Amino acid sequence: MPIIKSAKKRMKQTKVRTARRLPYRSRMKTFTKKVFELAKAGKKDEAEKALPVAFKAVDMAVKRHILHWKNAARRKSQMSKAVAGISK
């Protein structure tokens, strides 16, 4: 446990921010995983429909300072590549 007053405040702030960001992190992970699972299963139509939702979730994570923007760009690129690689 922190002793210094400013460290106590930082701990409280961190707890609040973590709780506030949790739904966005969870949503991002869920939709990203869904896109990759659909791509692996070969369901191109469903994967293409899930892609914009996953992109939005990743972008919201960047906005909420959960991900770095370059990390988000890499994730979006990987999802696009996975969906594009599905043969009908």
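Quick note: structure is the one above.
Residues numbered from 1 in each chain as written. Predicted model: local features only at pLDDT ≥ 70, side-chain atom pairs only at ≥ 80, totals over all residues. Heavy atoms only, no water.

A short note on the side chain of threonine 32
Part 1 of the argument: On the secondary structure map, threonine 32 appears in helix 1 (residues 5–41).
Part 2 of the argument: Relative accessible area serves as the criterion here: at 10%, threonine 32 is assigned to the buried category.
Part 3 of the argument: A polar contact of 2.7 Å, which involves the side chain of threonine 32, links it to the backbone oxygen of methionine 28.
Part 4 of the argument: Residues in contact with threonine 32, not counting those within four places in the same chain, are Ala54, Val58 and Met79. (Helix = DSSP H or I, 4+ residues; strand = E, 2+ residues; numbered from the N terminus. Buried < 20%, exposed > 50% of the residue type's maximum accessible area, 1.4 Å probe, protein only. Polar contact = N/O pair within 3.5 Å; in protein donor to acceptor, adjacent residues only side chain to side chain. Contact = heavy atoms within 4.5 Å.)

Quick notes on the packing of helix 2 (residues 44–63) against helix 3 (residues 69–84)
Packed helices, taken two at a time, are described by the angle their axes make and the gap between the axes.
Part 1 of the argument: Two elements in contact, helix 2 and helix 3, have axes separated by 10 Å at closest approach and are oriented at 180 degrees. Here helix 2 lies roughly antiparallel to helix 3, going by the angle between them. Note on element contacts: helix 3 touches helix 2 through Trp69, Ala72, Lys76, Met79, Ser80, Val83 and Ala84, opposite Lys44, Ala47, Glu48, Leu51, Ala54, Phe55, Val58, Asp59 and Val62.
Part 2 of the argument: Residue composition of the contact of helix 2 with helix 3, by class: eleven nonpolar, one polar and four charged. (Axes fitted to C-alpha atoms, helices over the stretch in contact; angles between N-to-C directions. Parallel < 35°, antiparallel > 145°, perpendicular 65-115°, else oblique. Nonpolar A, V, L, I, M, F, W, Y, C, P; charged D, E, K, R; others polar.)

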